[in-house]
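Close look at the chain arrangement
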Amino acid sequence: MLFNKRTERIFFWVFFPLALLMPLFLAENTFFVSKLTSIMIFALFVMSLDYLVGRCGLITLGHAMFYGLGGYLFWMIAPEYEAVNFWVYTFYICMIAAAVALIIGFLVLRTSGIYMIMITLAFAQMAFYFFSDSIEFGGTDGLFIYVKPETSIFGLSFFDLDNPTHFYYLCLLSLFNTLIFFRILIRSRFGRVVDAIHENPGRTTALGYNIFVFRLMSYVIASALGAYAGYLFTLQYGFVNPSMLAWTTSGSALVMSILGGMGSIYGAILGTFVYEGLHYVLEHLTEHWMLFMGALIIAMVMVFKNGIAGSMEKLLEKRT
Amino acid sequence: MNTQVSLDLKVMLETQGLCKYWGGLKALDDISLQFFDKQLHGIVGPNGAGKSTLLNLLCGHYKPTRGSILHKEEAIEAIKPYAFARRGIGRSFQKTNIYPGATCLENCCVAVQRRMGGSFNILRSRYTQKVLDEIASEALEKVGLGARRDVVASQISYGEQRQLEIAMVLATSPEVLLLDEPMAGMGHEESQLIIELLKTLRREYCIVLVEHDMDAVFELSDQLTVMVDGQHLTTGSVDQVRDDPRVKEAYLGQGDEVF
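Residues numbered from 1 in each chain as written. Chains lettered and ligands numbered in written order. Predicted model: local features only at pLDDT ≥ 70, side-chain atom pairs only at ≥ 80, totals over all residues. Heavy atoms only, no water.

1. Notes on the sheet that holds strand β5 (residues 74-75) of chain B
All names here are of chain B. Stated precisely, the cut-off is as follows: Strands are labelled as partners when DSSP assigns at least two bridges between them. Numbering of helices and strands runs from the N terminus; a helix is a DSSP stretch of H or I covering at least four residues, while a strand is a stretch of E covering at least two. Throughout, a residue-residue contact means that at least one pair of heavy atoms, one from each residue, lies within 4.5 Å. Comment: axis = line fitted to C-alpha atoms, over the contacting stretch for helices; angle = value between 0 and 180 degrees taken between N-to-C directions.
The four strands lie next to each other as β2-β1-β4-β5, forming an open sheet whose pairing is antiparallel. On the outer flanks of this sheet lie β2 (25-36) and β5, each paired with one strand and no other. Relative to β2, strand β1 (residues 11-22) runs antiparallel, the two being bridged by eight bridges. Note that in β2 the partner of L18 across the bridge is I31. Here helix α1 (residues 51-58) sits on the sheet and contacts β1, β2 and β4 (66-71); the angle it forms with β2, its principal contact strand, is near 65°.

See below:
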């Protein structure tokens, strides 16, 4: 079975049908459709981080580097006034990001714990200042994407990226695929070794595994998906700017992952929706929303010991 | 060396002038030993004699300061730690070292999968390879944990965790077993279980056993090495070692254990 927990199955059968029907209720309200789309894109990013932090035990504060890279890469490799194929460029961007992650991971993964946090942060800050200081990349203002890609496969086009509802469904599909992909990955034999390394790296080495290779592979996979999320973000808003690469982006993603339940993967969706939902509500209630947001996050992290997913599991798994 | 071994025994593992210094401290100084196939080689000595250091060198966890380790006549001291296990040198740890959150079976499956391959397969389910489960179950049966296969490892008793530790090593199908105090912290009955287990294993593998329980070591060893302060004192059959005046002195000098 792909989902070995009841809670996960319940979440799956509640969230996706709801998300599928949502645009029907919000047909006139494109603002909400766009808002939900951007939350789903970020949830995809948080999910890739959640895999790294929660499943592999590799705590990084530089994951936003790949988020931003996804956007900048599209600007760099796509022609400016010509619609390219979305799927082809998804492939290109993921592959280039994977290659970058292979090199950076090779250096970063020689360290662990607090040192790894520092080094990933250093790399991300380097990327941040590189893009925000260079005129070619638009400096702090970033760059505009004038033409959105078209999405035809063999001449059949399913999504029109300029249509918010279509784009919403594309992002929902991406989120769905990513969740399924990570579940398959975790259930696989590769996932078995990843779990083993997370729980007891020393023992896993003693059993004959080269743990560095498994960590590197995980890092590359998560980074490529992080870049894909950044690419979607860029397509949604039609611009890319250095704030995508800022460490605060990594930081909030980490908070969302912890809030949702680290390592649960589907918790990333919960965490992102709760965080962004609160953000949205508080922002409209008061100017000092950050103060209340902070207090609420602290309270929630303390109440939900293993995140929202962990608390839900505690509630739902007992009765089985 | 005053070792008397019949010629048909095959040397599995050998150390030549093995040294490990921590700064000025000679944790292990000039150790040359031979470990034979299908024999149990006991290593005893007072605390701080360098027994665990020797095991950590033999399994690749530490790199020697000087000297070499030969496995089947090939020098292996420079290879990576994980490569030791791949050559069939398995070890158990003094401090229980398992995957506490996984079931006993899963613990052993991780060990078996290393050899069976497919560890880079990101698509195929880990639960579909029956052969793997069977070999893992076999290893559990061997140490007497057959009934516990689906219990989470943190839920079984301390003694059972020690057994699981050995099952995991066996599951890697090693040729050499390096056992670091497998009976540490066990009650008499539990120890007896391990002793019985080692009696069945010692004709199948090359076993290096570091153990504080003297009765057990004397009962099990084909060969016995005594170490003191990182130095090799003597190696021989159990009777030879027992009668060696230097050994008595070393232990009496320390004032802890007496034969």
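2. Regarding the domain arrangement of chain B
Residues and elements named next belong to chain B. Heads up, the rule is: The split of the chain into domains comes from an automatic or database domain assignment. Put simply, buried area is how much 1.4 Å-probe accessible surface two parts lose in total, over both of them, once they are put together. Salt-bridge detection follows one rule: a side-chain nitrogen of Lys or Arg within 4 Å of a carboxyl oxygen of Asp or Glu. Think of it as three bins: nonpolar holds Ala, Val, Leu, Ile, Met, Phe, Trp, Tyr, Cys and Pro, charged holds Asp, Glu, Lys and Arg, and polar takes everything else, Gly as well.
What the domain assignment reports for chain B is domain 1 (36-63 + 74-88 + 176-259) and domain 2 (98-173). For domain 1 and domain 2, the distance between their C-alpha centroids amounts to 25 Å. Counting from both sides, the interface comprises 15 residues of domain 1 and, opposite them, 11 residues of domain 2. Buried surface at the junction of domain 1 and domain 2, summed over both partners, amounts to about 1200 Å²; 65% is from carbon and sulfur atoms. The partner of E204 in a salt bridge is K142, and the shortest N-O contact between them spans 3.4 Å. Every element with two or more residues in the side of domain 1 that touches domain 2 is listed here: β7 (176-180) and α6 (188-201). Take the side of domain 1 that touches domain 2: its biggest share by element is five residues, from α6. When grouped by side-chain class, the residues that make up the side of domain 1 that touches domain 2 number nine nonpolar, one polar and five charged.

3. Side note on the packing of aromatic side chains
Residues and elements named next belong to chain A. The following threshold applies: Working definition: rings of Phe, Tyr and Trp (its six-membered ring) pair if their centres are within 6.5 Å, and the pair is stacked with planes under 30 degrees apart, edge-to-face with planes over 60 apart, and tilted otherwise. Criterion for a charge above a ring: Lys NZ or Arg CZ within 6 Å of the ring centre, and within 35 degrees of the ring normal.
Applying the stated criterion across every chain, the model contains 43 aromatic pairs over all chains. Ring geometry for F16 versus F176: centroids 5.2 Å apart, planes at 85°, classification edge-to-face. Taken together, the positions of F16 in helix α1 (residues 6-25) and F176 in helix α6 (residues 164-187) put the pair 160 residues apart, joining distant regions of the chain. Taken together through their ring pairs, the aromatic side chains of F3, F11, F12, W13, F15, F16, F176, Y266 and F273 make up a single cluster. The cationic tip of R110 hangs over the ring face of F212; the distance from NZ or CZ to the ring centre is 4.9 Å.

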